[in-house]
Amino acid sequence: MPNCGDRSLVLVDSHIHLAEEVYRDDLDDLLQEAKRDNIACMVVPATDTASWDRVLDISKKHQELLPALGLQPHDAKEYTPELIDRLQALCPHLAAIGEIGLDFHYDLSPRPIQIDNFRAHLDLAKRSGLPVIMHCREAEDEFLRAIRDIGIHHGGVVHCCTCEWSYAEQFLELGLYIGVTGMVTFPKLKTVHTIAERCPLSRLLVETDGPYLAPVPFRGKRNRPAYVRYTAQAIAALRHAELTEVCQATTANAARLFGPAQCPSLNL
Ligand SMILES: [Zn+2]
């Protein structure tokens, strides 16, 4: 780990599931480590409704954690209009709606329900003034259709983006940010390397997606906020750019998307 005392090396982990059970025992230690390594904030998206309380609870205790709530595509079968009403009431406490989206790879919820769930969350984001954190796997056409129909009114990110560049270009045309994870350090993932090389720096976010997808040299282990720096380093190397350039751009992007007021520790 490089010496990260320099303000120009501040990073934001734009996506990490710190409410999950695997982080319960040592969350305070991990946040200390993150602070030491200049990770100013972490965006903590819920996945299912069971994790909503824990996301709100830890982000109330730690000002560097930005809460996002939503129902992810795997659990879309839980979707009801009442659930959206419940979420709406919580919106004043949130930095974003997420994670939401479509996953036609695992198909853990029926596709028509995934689509209804995704569209209802997009509509809520529009009404509530919040950005969206989106997941899309092997569902790009339906995903784009929903976004074009409803619109992204307060910004959004396609997190853990692994799609073909032709789709990433369409996301960019729609004004979205692109989230890159530690997968960019995996040697064979050409699609992710291409995204990291070609995406304008002004639209790039870095994320761990922990506890999953730990970067090389920690592949297969539990991911942690401080590891987001390996992603930034890999992106800088692929682009032949300075690490400070990647850090400053991605941190400014996160502040723009989620609102600088959301994270006092950013000091922007
Ligand atoms: Zn996630």
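Above this note sits the structure.
What you are looking at is a predicted structure, and each value in this text was computed from that prediction instead of being measured.

**Regarding the sheet that holds strand S5 (residues 132–137)**
Taken in spatial order, the eight strands make up an open sheet running S1-S2-S3-S4-S5-S6-S7-S8, and their pairing is parallel. Because the sheet does not close on itself, it has two edges, and the strands there are strand S1 (11–13) and strand S8 (204–206). Recorded for the sheet is a direction-independent mean angle of 30 degrees between the axes of neighbouring strands. Where strand S4 (residues 96–103) lies against S5, five bridges are found, and the strand directions are parallel. Pairing of Ile97 across the sheet is with Val132, part of S5. Its contacts with the sheet put helix H2 (residues 52–61) on strand S2 (39–45) and strand S3 (65–69), and the angle it makes with S3 is roughly 160 degrees.

**Considering the packing of helix H3 (residues 81–90) against helix H4 (residues 111–128)**
Put simply, H3 and H4 touch, their axes get as near as 11 Å, and they point 30 degrees apart. By the angle between their axes, H3 is roughly parallel relative to H4. For H3 against H4, the interelement crossing comes out right-handed. Contact residues: Ile84, Leu87 and Gln88 in H3; Ala120, Leu124 and Ser128 in H4. Here the contact of H3 with H4 is built from residues that sort into four nonpolar, two polar and no charged.

About the cut-offs
- Residues numbered from 1 in each chain as written.
- Predicted model: local features only at pLDDT ≥ 70, side-chain atom pairs only at ≥ 80, totals over all residues.
- Pairing = 2+ DSSP bridges.
- Helix = DSSP H or I, 4+ residues; strand = E, 2+ residues; numbered from the N terminus.
- Axes fitted to C-alpha atoms, helices over the stretch in contact; angles between N-to-C directions.
- Contact = placed C-beta atoms within 7 Å.
- Parallel < 35°, antiparallel > 145°, perpendicular 65-115°, else oblique.
- Left-handed = near helix turned anticlockwise from the far one by under 90°.
- Nonpolar A, V, L, I, M, F, W, Y, C, P; charged D, E, K, R; others polar.

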